[in-house]
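# Architecture and fold: a report
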Amino acid sequence: MDFRDDFGAAMRAHLRMIEEDNTAALDVVAARLLEVTRTGRIVHTTAAGHSVAAVLETFYRAGGLSCVRPLFHPALLPLNGAQASTELERVSGLAATLVAPAGVQPGDLAVVFSNSGVNAFPVEAAHELKKRGAYVVAVSSRLHMAQAPARSFAKLGDVADTVLDTAVPPGDAVVPTPSGATASISTICSAYLWDLLLARLARLSVTQQVTLPLWRSSNLPDGDAINQRYLDDHRAAIPML
């Protein structure tokens, strides 16, 4: 796909393509999400580096599921030290220390966002979550995973139960310039796939008569009252609320 001449048109075409190519996987994960909400289980989401932006889309978000628990260390966020965050996601052992106290149980679902899918943190996080019985979903680029060197015992796609493929080219940035490429698209693609999941989940919840625990915007008149109920329900399992 050529992003050089009309980025907007190419981006829209890319999103249509990943929606179509991930149809079967999205259906599988949406059904799993419905079971999580039906049985009162937890969705664990995690990432490192700029993929943390996708985790923010899943957590405490208007219209989002209130049963989402992020697995997060501040040092993995570039705002807390850019180069240090890159180095830390390659360090073995950190993921295990975050997963261990999270109370992961069979019936939970986990989503690991990592565009390259090769660094130690996302791979080990997926492994630790799966070891505890969670169904693990990777949101990653198969193209990038295939070309990037592994920095752990496996690549994310080898560990996850299902891969939602962003199909982002290696390097993420897609518009070439004499100085190098610009306009990275992994965040857009990851957020789009997550919202496609929520839309499918909404349809399933109606047909199967399951009430979804959804955050309301705090800037709506009834937002605070509705959200307080979910805060009370989930704070023990999700202490960062």
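Residues numbered from 1 in each chain as written. Predicted model: local features only at pLDDT ≥ 70, side-chain atom pairs only at ≥ 80, totals over all residues. Heavy atoms only, no water.

### Points about the environment of Thr 177
Condition: Only runs of H or I of at least four residues qualify as helices and only runs of E of at least two qualify as strands under DSSP, and these elements are numbered from the N terminus. Here a polar contact means two N or O atoms within 3.5 Å. Within protein one must be a hydrogen donor candidate and the other an acceptor candidate, and residues neighboring in sequence count only if both atoms are side-chain atoms.
Inspection of the secondary structure puts Thr 177 in the loop between strand 6 (173-175) and strand 7 (182-184). In terms of polar contacts, Thr 177 uses its side chain to reach the backbone amide nitrogen of Ser 179, at 3.0 Å. In this structure the side chain of Thr 177 is engaged in a polar contact, spanning 2.5 Å, whose partner is the backbone oxygen of Gly 180.

### Overview of the packing of aromatic side chains
The description of an aromatic ring pair uses the distance of the two centres, along with the angle that the planes make with each other. Filter applied, for reference: Only Phe, Tyr and Trp rings take part, Trp by its six-membered ring, and two of them pair if their centres are within 6.5 Å. Stacked means planes under 30 degrees apart, edge-to-face means over 60, and tilted covers everything else. Whether a residue is buried, partly exposed or exposed follows from its accessible area with a 1.4 Å probe, protein chains only, as a fraction of its type maximum: under 20%, in between, or over 50%, in that order.
All chains considered together, the criterion is met by four aromatic pairs. Taken together, a centroid distance of 6.3 Å and an interplanar angle of 45 degrees make the contact between Phe 59 and Tyr 60 tilted. On the basis of an interplanar angle of 85 degrees and a centroid distance of 5.9 Å, the ring pair of Trp 215 and Tyr 230 is categorised as edge-to-face. Of this pair, Trp 215 sits in the loop between helix 9 (186-207) and helix 10 (223-234) while Tyr 230 sits in helix 10; the two residues are 15 residues apart in sequence, bridging distant segments of the chain. Exposure remark for Trp 215: the relative accessible area of 3% places this residue in the buried category. Here the aromatic cluster, defined as three or more aromatic residues joined through ring pairs, consists of Phe 59, Tyr 60, Trp 215 and Tyr 230.

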